[in-house]
Structure formats: C-alpha cells, structure tokens
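Structural features, examined
Read off the chains here:
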Amino acid sequence: MGFLVGGIVALIATTAVVVLVVLHSSRSALDEAKAAGAADSAALPPVADADATVAYLTGEGAPLMRMHDTAIGQLEAGGRDAAACARDEMELTSSLPMDRAVGLITNVPDDALRGLLDRERTALAAVLAACPDGDKVAEDGGTVAEELIRAAALVDLRLDDIGVAR
Amino acid sequence: MKARAVIVLTCALLAPQLLGPQAAAAPGDRAWLALGDSFSSGEGIPGTTTVRAPDGADCARANGFIDQIRPSEAKAYAVRAYEAVRAEYGFGSLDFVACTGAKAGDVETQIEEAEDKAGRTSWDIVSLSFGGNDLGEGDGGFGEIIMGCLDAWGWGRTAVRRPGSSIVLPPAGGCDITYEEAAERIDALVEQKLPRLYKRVAGLVRPGGDVIVVGYPQIFEEVNRWDFWRRNVLRNCEGIRAKDIPLLRRISDYLNIKIAEAVVRADAQLAQRGVRFHYVDATAALYEPENSDERHAVCSQHPWINGLTVGARSGDFRYQRTFHPNTSGHEATGAAVAALFGKVIRFDDVPVQLHQLTTGYAAVGPSGIPAGPETGATSASTNFWVGCEGLPAETYFGLGGAYHSVSGELVLAPFTPPDLMIDVRLLGDGRELFSTTQRAGQHRPFSIDVGGVQNLVLRAQAIVGVCNSAPVGYGVATEAVVS
C-alpha cells in the first residue's frame, strides 16, 4: 500500500513537472518580458486619461497598434527572420511612414504611453535596420533585440493598465 | 598752395553718409525694435499670428495683436518687457519684426521691414536673439540638430541612412552630429556672422541707446533630474533618448557661451559710440538658476518649453511650436529684460562728442578766416581744417582733465584731392599723443588715452599734393567722442 501511495505521489510529481515544463515552454517571449518588466511598469505614473487614450488608439492612432503588433512579431521571431524583416520594413514604410508614426505618437494622451511608444518605435527601427543580423550590439551595451523586447513589453503592460483591447 | 574757401556748412548737409544716428530721443518718443528668430518671435506661444515676411518667410509672431486692431494675449518677451517699461521710460512705439527661422543674415530683411513699417531708421532699444538657426546644415538650425536625434529618418535600413546625406548611422541610432562638428559651426557663427550682425544693429541705435541680446534656454532637463520612471523606464524625453541629452545640452551651453562672449566684445567695441550691449543668460538666469530646484526645460517639473505634443494641444497643430518657449517662458524672459531698465539701461550714457568741447582754432592761409569743428555740430563727426600753406591748421579742445579717452576714425572728406597727403597729430598739453599721415580713402581708427589732459590740440597739415577750394575742411574724425 505504501508502495502504491508512493508511486502515485511520484507519478503526480512527475506529471506536475512535465506540465510546468510544457507550460513554461509555451509562454511567449512577450509574456516573459512582461513578467520581467512588471516592476518597471509599476513605477510609471497612474493612467490619467484612459478613455481618451483608448478612443485615440482605436481611432486616429490605430496605426500605432499595428506598429506594436509588428514589434511583437519581431521579438517573437527573435529578429532572425530576414524575410519577415524585409516584409515588416516594407509594410511599415508604406502604411506608417516614420514621420507619421512620430506625429501620431506625439498626440497620445497618456504621457507614459507616449514615451513608451517612442521607445518602442526607435527600438523597432533599430531591429529592422540590423536585420538579418539581429544580434548586433547596440551602443548602450545591450542588443537591439533586447531593447525591443523590453520596450514592447512595457508598452503592452501600459496598454493593459489603460484597458486597450487587443 | 591754394587757399580753400571758407563757406561754413554743416556736415549734415554735405556728407550725410558720415553721420551717426541722432542722439537719444526724448522720453515719450523712444522706440523699441524687436528683431530675432523664433525664440524672439514667440513661436512657442499658442495664438500667434502667422504672417508672411517680405522675403516670403512664414513668421509666427506673438506681437500682442491678432491683426492691426484686435489685441491678443499672445505676447513674446519683447512685447512684455516693452509694456512693462513703456510708461516709465517714455516709449512711444514697438516695431516687432522677429521671425521664425531667421538666421543672422536675415537681419537685413527684418530691418527693411521695420523701416518700411515704422518710417524710421533708428531706435533707442533693439532686442534680439540670433544664431540658433545658423547651426544646421540646412535651414533647420539647432532644431535640425535636435530632430537628428529623434531617429525619425525611416524604418529599417532607411533609418540608418539620412536622406540626402552620406552619413550612415549605427542601427542603434542616435544624434547624427558630434560635439566637435557642432562646435565648429558655432565658432564659424561667432567669428564670421555675429560681429557683423552686432555692428549692423549698433548702427540702428541712437547714442545712449542699448542692444539686448537674449541667449537660448536649455531645451532639455538634465537626465539625472528626470522623474524616476522617465529616467529608468521611458529612457527618453519627448523622443530624445537619455543618452543623447548630454550632447544636446553641451552644444547649447557652448552656443550660449560664445554668444555671450561676442556680446561682451561688441559692447567693448561699440560703447564709445554710446551704444551698450547687454546679454540675458536665459538658461542661468531664468530656466535653470543655480542652486535652485525651479527649473523649466522640457521634462522638468514645470517646463517653460513645449515638447513634441504641442501641435495637438495648442489647437492649431503648428508643429514648429515644438521645443520653443511657451507663454510662461516668455513672461519670465520679458520680466528679466524689463529688469535691465534702471540698472544697466538708463539712457544717460550718451557720449560727449569731441566737437562739443571746441575752444578755438588757428586757421591759416590767405583768407585768415577760421572755420572749425562747429561744422559737425549736429553730428557725431568732428570736422577740421587742414593747413595748406606750409603751416598746420589747429583746432583746440578743452578737456579740463575730465576724460580718459578720445576715440573715433580719421577719414578725409570725399571731395579731397586724391593725391593729397595730410599729416595729422593730436597733442595733449603740448605732448604728442598720436600722429599719422592720411590719404583720401583711408580709414584710420584711433583711441587715445587723455587721462589728466587739460587741453587737446588737433593739428593737420597737407604735406604732399595741392589743395583745392572746398566748402569745409578736408579732415573728418567720424564718431569722435570723449569718455
């Protein structure tokens, strides 16, 4: 009996480990980055004008959400997919030229999100510029890809706080 | 040698080009001229009027008026300072021609516009800021340098190659100018453009008047003073990354230091004409005073400068308002400019013109009729006779030991025979202080120490060539003043 109980316990433990490993593996790079960036995000000032920001990002500022989606796609791909890089660069250049992106970002009502989107914009541009060598070392000592991961995670966390549906 | 005629006429009638501006206006008639670039025009203030300058430039002007009749609360610093001192110091007019995007070389266009509008050619106060727009490769000036730090040239590979430039940036981006490059442009500005500009502006000022040069504020707050979340999470200030801020601040510091030095030099050179230059250090005196937490750059607690967002918030979507002083900034600058009055601006430093101290003369020649420096009585020039019969002509001035220096520039009147060479000497109480030979077309500046001198003699004699008949003396000491 004791052997049986011990075996069941061992089986449950083993299963739990396997499940945990599977769960961990399925966690996206974005989720991991968001977990890592939670403390930073908590340091941001409270959301001041959530309704206006939501309205902006679902209206005139909607292209910024596409930029954010592109950034997530790049970080999930690890910046190593040359074809995806070329496609994203072409797509952004035609649908959201850089000067328009800057203009749209300047009009984001939430101060913190505005700054974060700008950080994501420059990080995404740097990653696309570094393609297909996505591991080029940035001047600040990190990699351009790592900077994009951090920036995209912080944007995503702020969008969560504001209540922007994706 | 042939004697000259002795018809006494004033220099004002015969040689107006030799005259300086008229003496300072009486209270009530004083005039203020507001020159400068967008930091003087009030570009950053919502509600500016947008006018087309004569040269086609798009000028946003916060001149206190919506049009010729309706007043406006959009007032740049010059308007605020003018309104603050108008009654006490007797100003009757402000001519506001500062314009967005103006470079040092555009001052001529602004002067022409002011002269056309105001119907005058001289003022008692000239305020200005110039230089920032001379620093860019193109027309953007310092703003172009800032925008070059925004990483906004394009996505992907286009982001690292600036349009129209061979500069290739690292993928991580950043400003596309180095400190050394910026300093080189600033040095060129200060050495080549500002001295010419300041001299030109001084020529617009009546003796006893003043030029106020306003420096530029630091645009961005120091990174270590940013909010924690901005410094550590956003890592940028209105699109400019934290790592680029020190470079921009250093460039701005250097620009202001060099402008301040140029102003000091202009003051030293032009004070003898009764025009004083004053520098208002916008950063150290207003936006970032030492030992104070009251700081006002972008990303400080209480910014007086617009960030990138101003286009949306000002209601008129005028992107040029970005990174320019707002209403609070101009209020503070206007107050600082107004505070100069009564302290360093008093309108009482009108220099004494040399001819005002004339006590006599010794004319020579067959006519024996003297004519002397009273011919320049209405100008800043002192006219003197030249002895043409083998003896010098002398003009006497009574200094009474009350002055330290005599300065001016020796020239010969336009009608002087070209082959004439004249020996000119200045003697103080019998001791020779200065001597030179002068030909037509030569300009010879002089500045002589006359400390303790009671009586000054100006002695002039033709030593080569033949004199003609002339209505006034050949000799002219332009802008000759004692101080």
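Before reading on, note that the structure itself is shown above.
A few words now on the nonpolar core. Counting 68 residues, the largest nonpolar core has Leu35(B), Leu128(B), Tyr198(B), Ile219(B), Phe220(B), Ile251(B) and Phe277(B) as its most contacted members. Elements with a minimum of two residues in this core: strand S1 (30–34), helix H4 (107–118), strand S7 (123–128), helix H5 (141–147), helix H6 (179–202), strand S8 (205–214), helix H8 (245–270) and helix H9 (282–287) of chain B. Excluding anything up to four places from it in sequence, Leu128(B) contacts Leu35(B), Gly36(B), Ser40(B), Tyr77(B), Tyr198(B), Val201(B), Val211(B), Ile212(B), Val213(B) and Val214(B). Counting residues in hydrophobic clusters, the runner-up holds 44 residues, among them Leu75(A), Leu92(A), Ala101(A) and Val102(A).

A few words on the packing of aromatic side chains. Residues and elements named next belong to chain B. Counted by the stated rule, this structure contains 16 aromatic pairs over all chains. Look at Phe39 and Tyr216: their rings are 5.2 Å apart centre to centre, the planes differ by 80°, and that puts the pair in the edge-to-face class. Taken together, the positions of Phe39 in helix H2 (residues 38–41) and Tyr216 in the loop between S8 and helix H7 (228–234) put the pair 177 residues apart, joining distant regions of the chain. As far as the burial class goes, Phe39 and Tyr216 line up, both buried. Note on Tyr89 and Phe341: the rings are 5.3 Å apart at their centroids and 55° apart in plane angle, and the pair reads as tilted. Residue Tyr89 is located in helix H3 (residues 77–89), and its partner Phe341 is located in the loop between helix H11 (327–338) and strand S12 (352–353); the two are separated by 252 residues in the primary sequence. Per residue, the accessibility class of Tyr89 equals that of Phe341, and both read buried. Aromatic ring contacts, followed pair by pair, group Trp32, Tyr82, Tyr89, Phe91, Phe341 and Phe347 into a single cluster.

All names here are of chain B. By the bridge criterion, 4 bridges tie strand S2 (residues 49–52) to strand S3 (residues 58–61) in an arrangement that is antiparallel. Each bridged residue has a counterpart across the sheet, and for Arg52 the counterpart in S3 is Asp58. Between S2 and S3, which pair antiparallel in sequence order, lie 5 residues; one of them, Gly56, sits at a positive phi of approximately 90°.

Moving on, we get to helix H5 (residues 82–95) of chain A. Because each turn of an α-helix spans 3.6 residues, side chains separated by three or four positions in sequence point in the same direction. Taking 1.5 Å as the rise per residue, H5(A) with 14 residues should run 20 Å; its terminal C-alpha atoms sit 20 Å apart, in good agreement. Looking at the packing, one finds that the buried side of H5(A) touches helix H4 (62–77) and helix H7 (111–130) of chain A.

Parameters and conventions
- Residues numbered from 1 in each chain as written.
- Chains lettered and ligands numbered in written order.
- Predicted model: local features only at pLDDT ≥ 70, side-chain atom pairs only at ≥ 80, totals over all residues.
- Heavy atoms only, no water.
- Core = buried A, V, L, I, M, F, W, Y, C linked by side-chain atoms within 4.5 Å.
- Buried < 20%, exposed > 50% of the residue type's maximum accessible area, 1.4 Å probe, protein only.
- Helix = DSSP H or I, 4+ residues; strand = E, 2+ residues; numbered from the N terminus.
- Contact = heavy atoms within 4.5 Å.
- Phe/Tyr/Trp six-rings, centres within 6.5 Å; stacked < 30°, edge-to-face > 60°.
- Pairing = 2+ DSSP bridges.
- Expected span 1.5 Å × (residues − 1).

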